[in-house]
Amino acid sequence: MVVDRTEGEKVIAEVDFSSALETLHPKAVYMLESEQYVVEEFDYENRKAFVRKSNADYYTDAITYTKIAVLDIFDQMNGENYDFFHGDVHVFSKVVGFKKLKFYTNENVGAGDLQLPQQEMHSTAFWITIKEHMLETVNISTEEKIEAISGIAYLMRHICAVMLMCDVKDLGVAVEDNITKTDINPRTAKWGERQNLILREFEPNIYIYDSFPNGIGFSEVLFARAVDIFEKVLDAIRSCSCERGCPSCVGPPIRGSDNQKDAARFIISLLLDRVYH
Ligand SMILES: [Zn+2]
């Protein structure tokens, strides 16, 4: 329940519990009918968020740490450079912080840490394993590879949403190392966790899961169109006029990395066994 404290206390909205953690955490900017509110207090026990009207020039984006446990594989397709799967998964997620992003430019103007309880959900997912032997042939640092993989995951989620004609938020995304089974998404992993990754090789899994308990049938459709998804990812990177990545392709550059877009394009080209120009 969203309670507006601007003048007295007035209930202005109800939000489903799972999205409340991402949209109504402390200090979140909450939008309702073109009005902006800032969350002053998030009462998890009583399921209430207390907000006050605001005219901040930024919005907030929750940073969610996600871990996937595969329960059952329904089908798989094995290629030389990749494996595709779809199956049953258990999703563990925890909102660990948030970013403040300026309206119109998406410029990062601040961040904060959050301590919120972990959520669990059973769902279905479509996922790809990008083989370590293929990534080894890409001549950039492990950190740059991780940033490129994160860019690919960002774009995959948006392409999948367009293909399914659903909202982007209907799909969850997680990037995990297949060897250590840890979150390696640089957009969500903390810097200390990321540093551990720089020294060694890794094999990423990119999961696109249904953001609804027990799944609603997206993963089977995505699995059937897996190659098509990567053709579209490559087309979107190639046709975007930006230089280093932007919200319309692989996402804004992470920490000002120069190579994220080029590396993402190169990795997808290799995946699809294309000649890279
Ligand atoms: Zn772009």
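Residues numbered from 1 in each chain as written. Predicted model: local features only at pLDDT ≥ 70, side-chain atom pairs only at ≥ 80, totals over all residues. Heavy atoms only, no water.

Visitor: Help me out: how do you make sense of the coordination of the zinc ion in this one?
Guide: Tetrahedral coordination by four donors puts the ideal angle at the metal at 109.5 degrees, and octahedral coordination by six puts it at 90 or 180 degrees. Within the protein, the zinc ion binds to Cys240 (SG), Cys242 (SG), Cys246 (SG) and Cys249 (SG); these donor distances fall in the range 2.2 to 2.4 Å. Geometry at the zinc ion is tetrahedral, judged from its four donor atoms and the angles of 98 to 118° they form at the metal. When the donors of the zinc ion are listed by position in the chain, the intervening gaps give C-x1-C-x3-C-x2-C. Under the relative-accessibility criterion, Cys246 is labelled buried at 16%. (Donors = N, O, S within 2.8 Å, 3.2 Å for Na, K, Ca; no water. Tetrahedral: all angles 85-135°; square planar, octahedral: opposite > 155°, others 65-115°. Buried < 20%, exposed > 50% of the residue type's maximum accessible area, 1.4 Å probe, protein only.)

Visitor: Looking at this model, I keep getting lost on the state of the cysteines. Mind explaining?
Guide: By definition, a disulfide links the sulfur atoms of two cysteines through a covalent bond. As enumerated under the stated definition, the model contains zero disulfides in all. Free cysteine: Cys166, not disulfide-bonded; nearest cysteine sulfur from Cys160 at 8.5 Å. Accessibility expressed as a relative area gives 19% for Cys166, which makes it buried. (Disulfide = S-S within 2.5 Å.)

Visitor: Help me understand the side chain of Gln119 in this model?
Guide: Tracing the backbone shows Gln119 in strand β9 (residues 119-130). Side-chain polar atoms of Gln119 contact the backbone oxygen of Pro117, separated by 3.4 Å. Among all residues touching Gln119, those that are not within four sequence positions of it are Phe17, Leu21, Tyr44, Val91, Phe92 and Ser93. (Helix = DSSP H or I, 4+ residues; strand = E, 2+ residues; numbered from the N terminus. Polar contact = N/O pair within 3.5 Å; in protein donor to acceptor, adjacent residues only side chain to side chain. Contact = heavy atoms within 4.5 Å.)

Visitor: Got a minute to help me understand the pairing of strand β3 (residues 29-32) in this structure?
Guide: The sheet contact formed by β3 and strand β4 (residues 35-43) spans four bridges and is antiparallel. In the sheet register, Tyr30 faces β4, and the bridge partner there is Tyr37. Hairpin geometry of β3 and β4 is characterised by an intervening segment of two residues between the two adjacent antiparallel strands and by a positive phi of about 45° at Glu33. (Pairing = 2+ DSSP bridges.)

Visitor: What am I meant to see in the sheet that holds strand β1 (residues 2-4) here?
Guide: Remark on secondary structure: sheet strands pair via backbone hydrogen bonds, oriented parallel or antiparallel. The five strands lie next to each other as β2-β1-β5-β4-β3, forming an open sheet whose pairing is mixed. At either end of the open sheet lies a strand with only one pairing partner, and these are β2 (10-13) and β3. When the angles between neighbouring strand axes are averaged without regard to direction, this sheet yields 45°. Pairing of β4 with strand β5 (residues 48-53) involves six bridges; the strand directions are antiparallel. Across the sheet, Val39 pairs through a bridge with Val51, a residue of β5. (Axes fitted to C-alpha atoms, helices over the stretch in contact; angles between N-to-C directions.)

Visitor: Just to check I follow, could you spell out helix α7 (residues 260-271) for this structure?
Guide: Think of an α-helix as 3.6 residues a turn; residues three or four steps apart then line up on the same face. Taking 1.5 Å per residue, twelve residues should reach 16 Å; α7 reaches 16 Å between its end C-alpha atoms and fits that length. Turning to α7, its buried residues are Gln260, Lys261, Ala263, Ala264, Ile267, Ile268, Ser269 and Leu271. Check the buried side of α7 and you find it contacts β7 (82-102), β9, α2 (132-136), α3 (142-164) and α6 (226-239). Remark: Asp273 follows α7 within two positions and exhibits a positive phi of approximately 60°. (Expected span 1.5 Å × (residues − 1).)

Visitor: Would you mind showing me how to read α3 here?
Guide: The end-to-end C-alpha separation of α3 is 32 Å, in line with the 33 Å expected for 23 residues at 1.5 Å each. Met165 lies just past α3 and shows a positive phi near 55°.

Visitor: Just checking my understanding: could you explain the domain arrangement of the chain for this structure?
Guide: For an interface, size is often stated in terms of accessible area lost upon the parts coming together. The domain architecture assigned to the chain consists of domain 1 (2-56) and domain 2 (64-94 + 119-271). When each unit is reduced to the centre of its C-alpha atoms, the spacing between domain 1 and domain 2 is 31 Å. (Domains from an automatic or database assignment.)

Visitor: Help me understand the packing of α3 against α7, please; the structure alone is not making it clear to me.
Guide: Axis angle and axis distance: for two packed helices, these are the angle between their axes and the distance between the axes, and together they describe the pair. Packing of α3 against α7 brings their axes to within 8 Å, and their N-to-C directions diverge by 75°. Between α3 and α7, the crossing angle belongs to the class labelled roughly perpendicular. For the pair α3 and α7, contact is made by Glu147, Ala148, Ile149, Gly151 and Ile152 and by Gln260, Ala263, Ala264, Ile267 and Ile268, respectively. Taken together, the residues of the contact of α3 with α7 break down into seven nonpolar, two polar and one charged. (Parallel < 35°, antiparallel > 145°, perpendicular 65-115°, else oblique. Nonpolar A, V, L, I, M, F, W, Y, C, P; charged D, E, K, R; others polar.)

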